[in-house]
Amino acid sequence: MTARHHIGDDLLLAYAAGNLAEGWSLAVATHVSLCAECRERLAVAEAAGGQLLETLDRETVAPDSWAAIRSRLGTPDAPAVTRRSSDTAILPKPLRDYVGGDVDAIRWQRLGKGAAQLRLKTGDRETQVRLLKIPAGKPVPEHSHSGREITVVLSGAFHDGTTLFARGDVEEADDDIQHIPTATPEADCICLAVTEAPLKFRSWIVRAIQPILGI
Ligand SMILES: [Zn+2]
């Protein structure tokens, strides 16, 4: 398995510098545990050391910063190594620390239409972290958000528009995106979802019960 959608440069660099809130860190760590390519990127970012990262303002890291840093470091592109998953359990190591290792033992909270979630407790107030289960062939309740949302696929797959996201893949969304991830028909899709702010559901029913669900 090779992830095709990766953690962005800004997140990876901030993670390497230890600047990320716990929720975002968990998303990065989960993807990295499933993606050999990003393990290499992270190793380079960490090897670059504090002096380089300290010169970068976290807020102003440009989208092409990774290429710029790599060229400054003279580091070649990631070699074509065998990209194998290092973690074959549905819940990779970073998540097992939060929810244990048995996905069948998870006590899901229903969201309606077969979807379900499990909130994960973190020590930061900046993010909301949950596992999300989307039933095969079904969409998650539509929503937009007032900040960043990072989704990492753990099992199954979903498509959002024409883009397919499978195990290990990361989808980053931000303000004003009305998107409807829909699980592929073959299997339920389980994802890690980290959001910046409470989700705003369009449906008044979902909105009405949002405080009860804690989403
Ligand atoms: Zn990756």
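Source: prediction; values computed, not measured.

Basis of the calculations
Residues numbered from 1 in each chain as written. Predicted model: local features only at pLDDT ≥ 70, side-chain atom pairs only at ≥ 80, totals over all residues. Heavy atoms only, no water. Pairing = 2+ DSSP bridges. Helix = DSSP H or I, 4+ residues; strand = E, 2+ residues; numbered from the N terminus. Disulfide = S-S within 2.5 Å. Buried < 20%, exposed > 50% of the residue type's maximum accessible area, 1.4 Å probe, protein only. Expected span 1.5 Å × (residues − 1). Donors = N, O, S within 2.8 Å, 3.2 Å for Na, K, Ca; no water. Tetrahedral: all angles 85-135°; square planar, octahedral: opposite > 155°, others 65-115°. Axes fitted to C-alpha atoms, helices over the stretch in contact; angles between N-to-C directions. Contact = heavy atoms within 4.5 Å. Salt bridge = Lys/Arg side-chain N within 4 Å of Asp/Glu carboxyl O. Parallel < 35°, antiparallel > 145°, perpendicular 65-115°, else oblique. Nonpolar A, V, L, I, M, F, W, Y, C, P; charged D, E, K, R; others polar.

The next thing to look at is the sheet that holds strand 7 (residues 163-166). What holds strands together in a sheet is hydrogen bonding between their backbones, with the strands either parallel or antiparallel. The strand order 7-6-9 describes an open sheet built from 3 strands, whose pairing is antiparallel. Edge positions in the open sheet fall to strand 7 and strand 9 (182-183), since each of these has one partner strand only. In this structure, strand 6 (residues 157-160) lies alongside strand 9, joined through 2 bridges in antiparallel fashion. Bridge pairing links histidine 159 to threonine 182 in strand 9.

So, about the state of the cysteines. If you walk through the whole model with that rule in mind, you get 0 disulfides. Cysteine cysteine 191 shares no disulfide, and the gap to the nearest cysteine sulfur, in cysteine 189, comes to 3.5 Å. For cysteine 191, a relative accessible area of 1% gives the class buried.

An ideal rise of 1.5 Å per residue puts 18 Å on 13 residues; helix 2 (residues 22-34) measures up with 18 Å between its terminal C-alpha atoms. Of all 13 residues in helix 2, 12 are buried, a share of seventy percent or more. For helix 2, the full list of buried residues reads Gly23, Trp24, Ser25, Leu26, Ala27, Val28, Ala29, Thr30, His31, Val32, Ser33 and Leu34.

Taken together, the protein ligands of the zinc ion are His6 (ND1), His31 (NE2), Cys35 (SG) and Cys38 (SG), with distances of 2.0 to 2.3 Å. Note that the zinc ion binds 4 donor atoms; their angles at the metal cover 100 to 118°, and the shape is tetrahedral. Spacing between the donor residues of the zinc ion along the chain follows H-x24-H-x3-C-x2-C. In this pair, histidine 6 is assigned in the segment before helix 1 (9-16) and cysteine 38 in helix 3 (residues 36-54), connecting sequence segments 32 residues apart. Overall, the relative accessible area of 0% leaves cysteine 38 in the buried class.

What follows is about the sheet that holds strand 3 (residues 128-134). Pairing within the open sheet is antiparallel, and its 6 strands lie in the order 1-2-3-10-5-8. Edge positions in the sheet fall to strand 1 (109-112) and strand 8 (170-173), since each of these pairs with one other strand and no more. Strand-to-strand twist in this sheet, taken as the mean axis angle between neighbours without regard to direction, amounts to 25°. Note that strand 3 and strand 10 (residues 189-195) share 7 bridges and pair antiparallel. Across the sheet, valine 129 pairs through a bridge with valine 194, a residue of strand 10. Strand contacts of helix 2: strand 2 (115-120), strand 3, strand 5 (149-155), strand 8 and strand 10, with the helix running at about 40° to strand 5, the strand carrying the most contacts.

Before going further, it helps to examine the pattern of salt bridges. If you walk through the whole model with that rule in mind, you get 4 salt bridges. Across the salt bridge formed by aspartate 97 and lysine 93, the nearest N and O atoms sit 3.0 Å from each other. Highlighted residues: aspartate 97 and lysine 93, both in helix 5 (residues 93-99), separated by 4 residues, approximately one helical turn. Accessibility expressed as a relative area gives 45% for lysine 93, which makes it partly exposed. Linking arginine 148 and glutamate 172 is a salt bridge whose minimum nitrogen-to-oxygen distance equals 3.2 Å. Note that arginine 148 is positioned in the loop between strand 4 (143-144) and strand 5 and glutamate 172 in strand 8, a separation of 24 residues in sequence.

Before going further, it helps to examine the pairing of strand 2. Within strand 2, 5 of the 6 residues are buried, leaving the element largely enclosed by the surrounding structure. Note that strand 1 and strand 2 share 3 bridges and pair antiparallel. When the bridges of strand 2 are listed, arginine 110 appears paired with alanine 116. Joining the antiparallel neighbours strand 1 and strand 2 is a turn of 2 residues, in which lysine 113 adopts a positive phi near 55°. Here strand 2 pairs with strand 3 via 5 bridges, running antiparallel. Directly across from arginine 119, in strand 3, lies its bridge partner arginine 130.

All right, on to the packing of helix 1 against helix 2 then. Close contact between helix 1 and helix 2 brings their axes to 10 Å; oriented N to C, the two are set at 100°. As the angle between them shows, helix 1 and helix 2 are arranged roughly perpendicular. Contact residues: helix 1 offers Leu11, Leu12 and Tyr15, while helix 2 offers Trp24, Ser25, Val28, Ala29 and Val32. Looking at the contact of helix 1 with helix 2 residue by residue, the class counts come to 7 nonpolar, 1 polar and no charged.

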